[in-house]
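Here's the letter readout for the chains.
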Amino acid sequence: MKKFVYTKENLRRMQNIELEMLRELDSICRKNQISYIIDGGTLLGAVRHGGFIPWDDDVDVRMLRKDYERFCKICETQLSQDYFLQTYQTDPGYRWGYARILKNGTIYKRKGQHKMTARNGIFIDIFPDDNLPDAWIPNKICTCLSWICRKILYSEVGALNKSNFCSWLGFQILNILPKEWGHKGMEYLSSKYQNRDTKRVRCFAWGSKQETKGFLKKWHMETTQIQFEGLTVWAPKDIHGFLTYSFGKDYMTLPPKEKRVPRHTVTYLGFAEKSK
C-alpha cells in the first residue's frame, strides 16, 4: 500500500469535517446550557490564526465532568445521524477514557493502532475534567493510579511496539489484564473527589505534564466567546493565562518550519462522499 502523506488539500478537507463536528457540539451545548471550552492547539489556533493552526490535524474540547456526562446522555437523542459519539460505553472496542465525535463514512487509521477493534473515522476529542485534590499525598495517589489506568488501556497499542524490549514486555503483561480495570480505576478517581471544592481539575485519561499538574477550575467557570473559522465558540476568559500555562509565554511565536507538521502519524485517510 502506498504510504500516506498529508497534503494541504487533504489536511484542509479533514479540518473542514472537524469544524462541522465542532459546530454540532456547540449547537447541542447552547441548546442544553452545557458549558465547554476549546483546548490546546484549537484555542491557540483561534487566537493566533483565527481558526485552525495551518498544520493542525485535530480539535480538542474540555468539559467539567457534570457537563460531559450530560452531553454524552443528550447525544443519544440529539446528535445528528451524520456522527457517532464514541466512548467506551458506546463502542466496546474503544479503549480511551474520553469521548470522541466521529464523522460517519470516514476512515482515519493511526500508525500502530491497526489491530484495535474500535470504530474509526475523522474525529474531535472531548476531554472530561475531574476534581484534582489539592493536598500533596492524595494528589500523588491520583497521579499514580491514573498513570496505571492509562497504561492498561494503552497496552494493546504498546504491546505492538518492539523498539524497546522492556517497554514491550511491560505492555505485553498489562495487555493480559481486562481493559475494564483501567476504566473502573478512572471512574473511581472521578467519583472519589466529585464533591470536593478543589482549585484544579484534570482529565485522568491524559498524561501530559500540564495535565498532571492540573488546570485551574476557574478557566472553566469564567469563560468568553471567541471566533474559530467563523464559528463562535467558548474559551477561558483568561486566554493568556491558559495558553501561557499550556505552551509557554512565547505561544504567539511560530515554531520552526520543520515542526510545522501534523502531529499524528496517519496511515490512511478516507472521506465521506459528501465532504469537501
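Check the entry above for the structure.
Residues numbered from 1 in each chain as written. Predicted model: local features only at pLDDT ≥ 70, side-chain atom pairs only at ≥ 80, totals over all residues. Heavy atoms only, no water.

### Digging into a nonpolar patch on the surface
On the surface, Trp136, Ile137, Ile141, Leu145, Trp147, Ile148 and Tyr188 cluster together to form a nonpolar patch covering roughly 750 Å² of accessible area. Locating Tyr188 in the fold gives a position in helix α6 (residues 179–192). (Patch = residues over 30% accessible without salt bridge, like charges linked within 9 Å, V, L, I, M, F, W, Y side chains within 5 Å. Areas by Shrake-Rupley, 256 points an atom, 1.4 Å probe, with all protein chains shown as cover. Salt bridge = Lys/Arg side-chain N within 4 Å of Asp/Glu carboxyl O. Helix = DSSP H or I, 4+ residues; strand = E, 2+ residues; numbered from the N terminus.)

### Some remarks on the packing of helix α4 (residues 136–158) against helix α5 (residues 165–174)
Orientation of α4 relative to α5, taken along the N-to-C sense of each, is 115 degrees, at an axis distance of 8 Å. Pair α4 / α5 crosses with left-handed handedness. When α4 is examined against α5, the residues Lys151, Ile152, Tyr154, Ser155 and Gly158 are found in contact with a partner set consisting of Trp168, Phe171 and Leu174. Of the residues that constitute the contact of α4 with α5, the class distribution is 5 nonpolar, 2 polar and 1 charged. (Axes fitted to C-alpha atoms, helices over the stretch in contact; angles between N-to-C directions. Left-handed = near helix turned anticlockwise from the far one by under 90°. Contact = heavy atoms within 4.5 Å. Nonpolar A, V, L, I, M, F, W, Y, C, P; charged D, E, K, R; others polar.)

### Observations regarding the side chain of Ser146
Summarising the element assignment, Ser146 is placed in helix α4. In contact with Ser146, not counting residues within four places along its chain, are Met186, Leu189, Arg202 and Phe204.

### Observations concerning the packing of helix α1 (residues 8–31) against helix α3 (residues 65–78)
Following both chains from N to C, one finds α1 and α3 inclined at 105 degrees, their axes separated by 11 Å at the closest point. Taken together, the axes of α1 and α3 are roughly perpendicular relative to one another. Listed contacts from α3 to Glu24, Leu25, Ile28, Cys29 and Lys31 of α1 are Phe71, Ile74, Cys75 and Gln78. Its residues assigned to classes, the contact of α1 with α3 comprises 6 nonpolar, 1 polar and 2 charged. (Parallel < 35°, antiparallel > 145°, perpendicular 65-115°, else oblique.)

### Examining the nonpolar core
Leu25, Met63, Phe71, Leu85, Ile101 and Ile126 are the most contacted members of the largest nonpolar core, which has 56 residues in total. Top element by residues in this core is α1. It accounts for 9 residues. With 17 residues, the next largest nonpolar core counts Ala118, Phe127, Cys149 and Val157 among its residues. (Core = buried A, V, L, I, M, F, W, Y, C linked by side-chain atoms within 4.5 Å. Buried < 20%, exposed > 50% of the residue type's maximum accessible area, 1.4 Å probe, protein only.)

### Some remarks on the pattern of salt bridges
Here the structure, examined in full by the defined rule, presents 15 salt bridges. In this structure, Arg100 engages Asp125 in a salt bridge whose closest nitrogen and oxygen atoms are separated by 2.8 Å. Note that Arg100 is positioned in strand β4 (residues 99–103) and Asp125 in strand β6 (residues 123–132), a separation of 25 residues in sequence. Taking the relative accessible area as the measure of exposure, Arg100 reaches 11% and is therefore buried. Put simply, Asp39, Arg62, Asp129 and Glu211 are held in one network by salt bridges that share partners.

### Structural notes on the environment of Trp219
Looking at where Trp219 falls in the secondary structure, it is placed in helix α8 (residues 218–221). The exposure class of Trp219 is buried, given its relative accessible area of 4%. Residues Trp219 and Ile239, 20 residues apart in the sequence, show an inter-C-alpha distance of 8.4 Å. Those residues in contact with Trp219 that sit more than four places away from it in its chain are Ile37, Pro236, Asp238, Gly241, Phe242 and Tyr245.

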